[in-house]
Amino acid sequence: MKHYLFFATLHYAYSILRPLEEEIWRRGDDVAWFIEDSCPVDLLPGERQLKTIEEVLEYNPLAVFAPGNYIYHFFPGVKVAVFHGYPMKKRIEKIDDHFTIRGWFDIYCTQGPTSTPYFEELASKHGFFRIYETGWCKMDPFFDPALPPEPKREQPVILYSPTFTRGISSAWDLLPTIEQLAVEKPWRWIITFHPKLDDPQLISDYEEMAARHENVLFTRVNKGLETFRQTDVMLCDSSSITLEYMMLGKPVVTFRNTHPGPHLLDVREKELVGPAIEKALTHPAELMEAIEHYTAQHEAHRDGHNSARVLDAVDDFVANYQGKLRRKPLNLFRKLKLRCKLNYWKLSKV
């Protein structure tokens, strides 16, 4: 029986990694979770948590899967990056952080044409990791043929899910607009924040606004597909979550998106948000065609077997490449920071 480990640093790890967990169990193998203090423990019955480094070492996983930017180098196993989103240029003046190579991973499981070619160039340049285009494991349930139709809703439901970066997040600007629309329009609202959007005053303001209106629900947790399927249109800004939402063939209205295009209904002024949502609810043909084209460039695999390809990639790496690539960079300063964080100083053979 193979052992695998999930490395969770933020709550979004659950919806990303659970399809992979289902595939591991389907193959008769075992998986456990190592959950950082930054991530709330939200395990389901039957899921197993390893709470100490000693437990991880004893478990001895074949591979460790991380949807974040780092991983503990002293954990056993192949280090696999599965990403926490799609490549989205949030800031015009900066390189997309999606492609930053930090020296932690052995495998990058890419998603489609917008990510694979550039990662392959990086692999050729650096030489210490391999690229496998698997598709994103989070998407498997999105394309499950057994997924039941969404229940009919009496009122349209709008999902507002802004990004966290202060310079590009709409959360500070749009609160009065959303409250006004909650009063004027026959819509219900679900408002979720990114785990890193943790401004206490802003959270309090949204909680108080939601408490004033029966048609507004504010929750810190976005459950991905489950949340998406409760709604009809997303209001957002420049978050990569817009792309996940569009995978369901649903329209997105954005406020001052940094890279607008025909796949979005982007507005620059607050008073245009409401009319844009009204237009989105009609599903204009040209918008829906643009959404289909755009999403296909990011997610190439829509057969529900992305998680299977991720596990197959690990097997291929172990059989053909492990121990045969260039050594990873020393990363002494980053490794020291992680060890200080955990107060863990034992030497590792990994």
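Structure first, text after, so check above.
Bear in mind the structure is a predicted one, so any value in this text is a computation, not a measurement.

K.L.:
For this particular structure, what's the right way to read helix 4 (residues 171-184)?
P.N.:
Side chains that are three or four residues apart share a direction in an α-helix, a result of its 3.6 residues per turn. Spanning 14 residues, helix 4 covers 20 Å between terminal C-alpha atoms, matching the ideal 20 Å at 1.5 Å per step. Among all positions of helix 4, only Ala171, Leu174, Leu175, Thr177, Ile178, Glu179, Leu181 and Ala182 are buried.

K.L.:
Can you walk me through the packing of aromatic side chains in this structure?
P.N.:
The description of an aromatic ring pair uses the distance of the two centres, along with the angle that the planes make with each other. Applying the stated criterion across every chain, the model contains 29 aromatic pairs. Arranged with centres 5.8 Å apart and planes meeting at 45 degrees, the rings of Tyr4 and Phe65 form a pair that is tilted. Taken together, the residues span a long stretch of sequence, with Tyr4 in strand 1 (residues 3-8) and Phe65 in strand 3 (residues 63-66) at a distance of 61 residues. Exposure class is identical for Tyr4 and Phe65. Each is buried. Where Tyr72 meets Phe74, the ring centres are 5.4 Å apart and the plane angle is 5 degrees; that geometry is what we call stacked. For Tyr72, a relative accessible area of 0% translates into the label buried. The rings of Phe7, Phe34, Tyr70, Tyr72, Phe74 and Phe75 are connected pair by pair, giving a single aromatic cluster.

K.L.:
Can you help me understand the state of the cysteines in this one?
P.N.:
The term disulfide refers to a covalent linkage connecting the sulfur atoms of a pair of cysteines. Inspection of every chain in the model, using the stated rule, returns zero disulfides. Here Cys109 stays unpaired: no disulfide links it, and the sulfur of Cys137, its closest cysteine neighbor, is 7.7 Å away.

K.L.:
Which parts of the structure should I look at to understand the sheet that holds strand 10 (residues 233-236)?
P.N.:
Strands in a sheet are paired, the pairing made by backbone hydrogen bonds, and the direction either parallel or antiparallel. Taken together, the six strands give an open sheet; going across it, the order is 9-8-7-10-11-12, and neighbouring strands pair in parallel fashion. Either end of the sheet is taken by a strand with one partner, and the two such strands are strand 9 (216-219) and strand 12 (265-267). The sheet shows a mean angle of 20 degrees between the axes of neighbouring strands, direction not considered. Sheet topology note: the strand 11 (residues 252-255)/strand 12 ladder contains three bridges and is parallel. Within strand 12, the residue paired with Phe255 across the bridge is Val267. Running at roughly 160 degrees to strand 8 (residues 188-192), helix 4 makes contact with strand 7 (157-160), strand 8, strand 9, strand 10 and strand 11 of the sheet.

K.L.:
Where do I start with the nonpolar core in this structure?
P.N.:
Within soluble globular proteins, side chains that are nonpolar generally end up buried alongside one another. Grouped together as the largest cluster of nonpolar side chains are 111 residues, with contacts concentrated most on Phe65, Phe75, Trp189 and Tyr206. Sequence-distant contacts of Trp189, defined by excluding residues within four places in its chain, comprise Ile158, Tyr160, Ile178, Leu181, Ala182, Asn215, Val216, Leu217, Leu235 and Ile277.

K.L.:
Looking at this structure, how should I read the pattern of salt bridges?
P.N.:
A side chain with one charge may pair with a side chain of the opposite charge, provided their charged atoms come close. For the structure on display, the rule yields 16 salt bridges. With a closest N to O distance of 2.9 Å, Lys2 and Asp315 form a salt bridge. With Lys2 in the segment before strand 1 and Asp315 in helix 10 (residues 306-320), this pair connects stretches of sequence that are 313 residues apart. Glu23 is the salt-bridge partner of Arg26, the closest N and O atoms lying 2.7 Å from each other. Note that Arg26 and Glu23 are positioned in helix 1 (residues 13-26) at a spacing of three residues, about one turn of the helix. Exposure remark for Arg26: the relative accessible area of 61% places this residue in the exposed category. In this structure, a network of salt bridges that share partners links the residues Glu23, Arg26, Arg27 and Asp312.

K.L.:
How should I be thinking about the packing of helix 4 against helix 5 (residues 200-211) in this particular structure?
P.N.:
If you want to describe how two helices pack, look at the angle between their axes and the distance between the axes. Relative to each other, helix 4 and helix 5 sit at 10 degrees, their axes nearing to 11 Å. Judged by the angle between their axes, helix 4 and helix 5 are roughly parallel. For the pair helix 4 and helix 5, the contacting residues are Ala171, Trp172, Leu174, Leu175, Ile178 and Glu179 in the first and Leu202, Asp205, Tyr206 and Met209 in the second. A breakdown of the residues in the contact of helix 4 with helix 5 according to their chemical character gives eight nonpolar, no polar and two charged.

K.L.:
Can you walk me through the environment of Ser38 in this structure?
P.N.:
Examined against the element boundaries, Ser38 turns out to sit in the loop between strand 2 (30-35) and helix 2 (53-59). Measuring from C-alpha to C-alpha, the distance between Ser38 and Lys196 comes to 9.9 Å, with 158 residues separating the pair along the chain. Ignoring sequence-local partners within four residues, the contact set of Ser38 consists of Thr9 and Leu10. Polar contacts involving the side chain of Ser38 include one to the main-chain carbonyl oxygen of Thr9, which spans 2.5 Å.

Thresholds applied
Residues numbered from 1 in each chain as written. Predicted model: local features only at pLDDT ≥ 70, side-chain atom pairs only at ≥ 80, totals over all residues. Heavy atoms only, no water. Helix = DSSP H or I, 4+ residues; strand = E, 2+ residues; numbered from the N terminus. Expected span 1.5 Å × (residues − 1). Buried < 20%, exposed > 50% of the residue type's maximum accessible area, 1.4 Å probe, protein only. Phe/Tyr/Trp six-rings, centres within 6.5 Å; stacked < 30°, edge-to-face > 60°. Disulfide = S-S within 2.5 Å. Pairing = 2+ DSSP bridges. Axes fitted to C-alpha atoms, helices over the stretch in contact; angles between N-to-C directions. Contact = heavy atoms within 4.5 Å. Core = buried A, V, L, I, M, F, W, Y, C linked by side-chain atoms within 4.5 Å. Salt bridge = Lys/Arg side-chain N within 4 Å of Asp/Glu carboxyl O. Parallel < 35°, antiparallel > 145°, perpendicular 65-115°, else oblique. Nonpolar A, V, L, I, M, F, W, Y, C, P; charged D, E, K, R; others polar. Polar contact = N/O pair within 3.5 Å; in protein donor to acceptor, adjacent residues only side chain to side chain.

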